[in-house]
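Now for the letters of each chain:
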Amino acid sequence: MKKTLITLFSLFLAVPAFSQEKEEDKGKFTFSGYIDSYYLANFNNPKDMSNTGASKTARAFDQKTGFSLGLVQTKIGYATAKSDVVVDLAFGPNADLGNYGNNIGPLGAGSSSLVIKQAYFNWKATDKFTLTAGQFGTHIGYEVIDAPVNYHYSLSNLFNNGPFYHVGVKAAYAVSDKFALMGGIVNGVDQLYSNNEKPGLIAQVFVQPVAGWNVYVNGITANRNAKDATTGTTSSGSYNLLDLTTTYQVTEKFLLGLNAATGKQNYATGDGKTWGGFAVYPKYDFSSTFSLGARYESFSNTNGVTALLDYDGNGVTVNSFTVTPTFTVADGHLLLKPEFRVDSYDKNFFTDGDGVKTKSQSTFTWAMIYKF
């Protein structure tokens, strides 16, 4: 009888452990996001209250002075041991600007596809091999759309002129924790639907030469020409972009980053035009609640290939300097970023409040980002 009671008691104790193990095998939901808003002052005091400089697209998101809402994100995830799915929805002015390739959705302009920033799943076939399908953020560049992830609130010209997202499939293989490869097939550059029968190719190589030093070499090649509606053919030509992104943790408090990219657009005639630039990112963490970072960038689009154009369609060159202190408060949920930025162009593009032409503009932004 005593043995029977002991056995029954042991089984009773084992049931919760078994149930807990089963619970751990089930998938888990996550929910996160952020909201950001800002106040921006332009010291040129432009009459149209615009900060974009050479053209209406020269600054990616922070295009108007005064108070503004930036972006509202709601991110839902579900993960198991072998797979996970991400539904990343974005709303607000910056969401529309960053997702412009989706502005013609299934129900017409401004329909539901516009709110989808990312929607993809990962299948972890092995511990080293992962397959991803859907719409996902680009692998190219140092900066991303998400304000809490970037150190600076305003975005670089390299970001503004590079891809934002891709629709397609990609595969990643981690040879080790210091070397990994990725390759994929996508609908070209920032395209919800393919506009021709020629998919684009993306690739990434990651290496970690020493502890604290991460290096990413990224690339994309695609034919961005639309298929002719009459002949059904697509003219030859290719968009090619090679990108280097690297960070080095110099000390426990000091981080140094670098982004450099060069692109080339080849045409059916055989002519090719290039653009490119680089940006340096030093950042120092004085404490867990205060840090100071800077960004110096030089970007050239003198051939007029990509987005940095003047109002007459001519390409321009710009040098930008940004300095941003960051205060982290409210138990890490609220980021306060007073930012000062100077953009200097190679020509007189800016007109101040007195109507005087100038080559540069200075802006001050007070950004407030709440993440959860």
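Residues numbered from 1 in each chain as written. Predicted model: local features only at pLDDT ≥ 70, side-chain atom pairs only at ≥ 80, totals over all residues. Heavy atoms only, no water.

A closer look at the packing of aromatic side chains
Moving on, step 1. Applying the stated criterion across every chain, the model contains 15 aromatic pairs.
Moving on, step 2. Here the aromatic rings of Phe206 and Tyr216 are separated by 5.0 Å at their centres, their planes lie at 40°, and the arrangement is tilted. Here the residue Phe206 occupies a position in strand E10 (residues 200-207), and Tyr216 occupies one in strand E11 (residues 213-222), the gap between them amounting to ten residues.
Moving on, step 3. Of the residues examined, Phe206 reaches a relative accessible area of 13% and is grouped as buried.
Moving on, step 4. Look at Tyr216 and you get partly exposed, because its relative accessible area is 30%. (Phe/Tyr/Trp six-rings, centres within 6.5 Å; stacked < 30°, edge-to-face > 60°. Helix = DSSP H or I, 4+ residues; strand = E, 2+ residues; numbered from the N terminus. Buried < 20%, exposed > 50% of the residue type's maximum accessible area, 1.4 Å probe, protein only.)

Looking at the nonpolar core
Moving on, step 1. Among the nonpolar cores identified, the biggest contains 22 residues, and Ile202, Ile220, Tyr239, Leu241, Phe299, Leu308 and Tyr345 are the most heavily contacted of them.
Moving on, step 2. Those elements giving two or more residues to this core turn out to be strand E9 (179-186), strand E12 (238-249) and strand E14 (272-285).
Moving on, step 3. Per element, the largest residue contribution to this core is three residues, and it comes from E14.
Moving on, step 4. Discounting chain neighbours no more than four positions away, the residues touching Leu308 are Ala58, Asn157, Asn161, Phe299, Asn301, Asn314, Gly315, Val316, Val318 and Tyr345.
Moving on, step 5. Tyr153, Leu155, Phe164 and Val167 belong to the second-largest nonpolar core, a separate cluster that totals 19 residues. (Core = buried A, V, L, I, M, F, W, Y, C linked by side-chain atoms within 4.5 Å. Contact = heavy atoms within 4.5 Å.)

Quick word on the pattern of salt bridges
Moving on, step 1. Considering all chains together, one arrives at ten salt bridges under this definition.
Moving on, step 2. Here Arg59 ties to Asp343 by a salt bridge, and the two come within 2.8 Å at their closest N and O atoms. Here the residue Arg59 occupies a position in the loop between strand E1 (28-42) and strand E2 (66-79), and Asp343 occupies one in strand E17 (residues 334-345), the gap between them amounting to 284 residues.
Moving on, step 3. Given the relative accessible area of 2%, Arg59 is considered buried.
Moving on, step 4. With a relative accessible area of 2%, Asp343 lands in the buried category. (Salt bridge = Lys/Arg side-chain N within 4 Å of Asp/Glu carboxyl O.)

A few points about the side chain of Asn196
Moving on, step 1. Counting through the fold element by element, Asn196 comes out in the loop between E9 and E10.
Moving on, step 2. Residue classification places Asn196 among the buried residues on the basis of a relative accessible area of 9%.
Moving on, step 3. Within the structure, the side chain of Asn196 is placed 3.3 Å from the side chain of Asn195, a separation counted as a polar contact.
Moving on, step 4. Residues in contact with Asn196, not counting those within four places in the same chain, are Asn223, Arg224, Asn225, Lys227 and Thr234. (Polar contact = N/O pair within 3.5 Å; in protein donor to acceptor, adjacent residues only side chain to side chain.)

Some details on the environment of Thr251
Moving on, step 1. Considering the arrangement of structural elements, one finds Thr251 in the loop between E12 and strand E13 (254-266).
Moving on, step 2. For Thr251 and Tyr284, which are 33 residues apart along the polypeptide, the C-alpha to C-alpha distance reads 9.3 Å.

As for unusual backbone geometry
Trans peptide bonds make up the majority, and among non-glycine residues the majority have a negative phi.
Moving on, step 1. For Asp190, which is not glycine, the phi torsion reads 55° and is therefore positive.
Moving on, step 2. As for its placement among the helices and strands, Asp190 is situated in the loop between E9 and E10.
Moving on, step 3. Assessed through its relative accessible area of 4%, Asp190 is described here as buried.
Moving on, step 4. The residue Asp331 is not glycine, and still its phi comes out positive at about 55°.
Moving on, step 5. Among the structural elements, Asp331 can be located in the loop between strand E16 (317-329) and E17.

Looking at the environment of Phe136
Moving on, step 1. One can find Phe136 in strand E7 (residues 129-137).
Moving on, step 2. Here the alpha-carbon distance between Phe136 and Lys117, two residues 19 residues apart in the chain, equals 7.5 Å.
Moving on, step 3. Beyond its immediate chain neighbours, meaning those up to four positions away, Phe136 contacts Gln118, Tyr120, Tyr165, His166, Gly168, Val169, Lys170, Val186 and Ile202.

Regarding the side chain of Ser154
Moving on, step 1. By the element assignment, Ser154 lies in the loop between E7 and helix H3 (157-161).
Moving on, step 2. Here Glu339 takes part through its side chain, which lies 2.6 Å from a polar atom of the side chain of Ser154.
Moving on, step 3. Ignoring anything within four residues of it in the chain, the contact list for Ser154 reads Arg59, Asp62, Glu143, Arg295, Thr322, Glu339 and Arg341.

Looking at the pairing of strand E6 (residues 116-124)
Moving on, step 1. As paired elements, strand E3 (residues 83-91) and E6 share seven bridges and run antiparallel to each other. In the sheet register, Val87 faces E6, and the bridge partner there is Ala119.
Moving on, step 2. Bridge count for E6 against E7 is six bridges, and the pairing is antiparallel. Residue pairing for E7: Trp123 is matched across the bridge by Leu131. (Pairing = 2+ DSSP bridges.)

Quick word on a nonpolar patch on the surface
Moving on, step 1. Together, Phe29, Phe31, Ile35, Leu69, Ile76, Tyr78, Val85, Val87, Phe121, Trp123, Tyr370 and Phe372 make up an exposed nonpolar region whose accessible area comes to about 1,100 Å².
Moving on, step 2. Mapped onto the secondary structure, Phe31 falls in strand E1.
Moving on, step 3. Look at Phe31 and you get exposed, because its relative accessible area is 53%. (Patch = residues over 30% accessible without salt bridge, like charges linked within 9 Å, V, L, I, M, F, W, Y side chains within 5 Å. Areas by Shrake-Rupley, 256 points an atom, 1.4 Å probe, with all protein chains shown as cover.)

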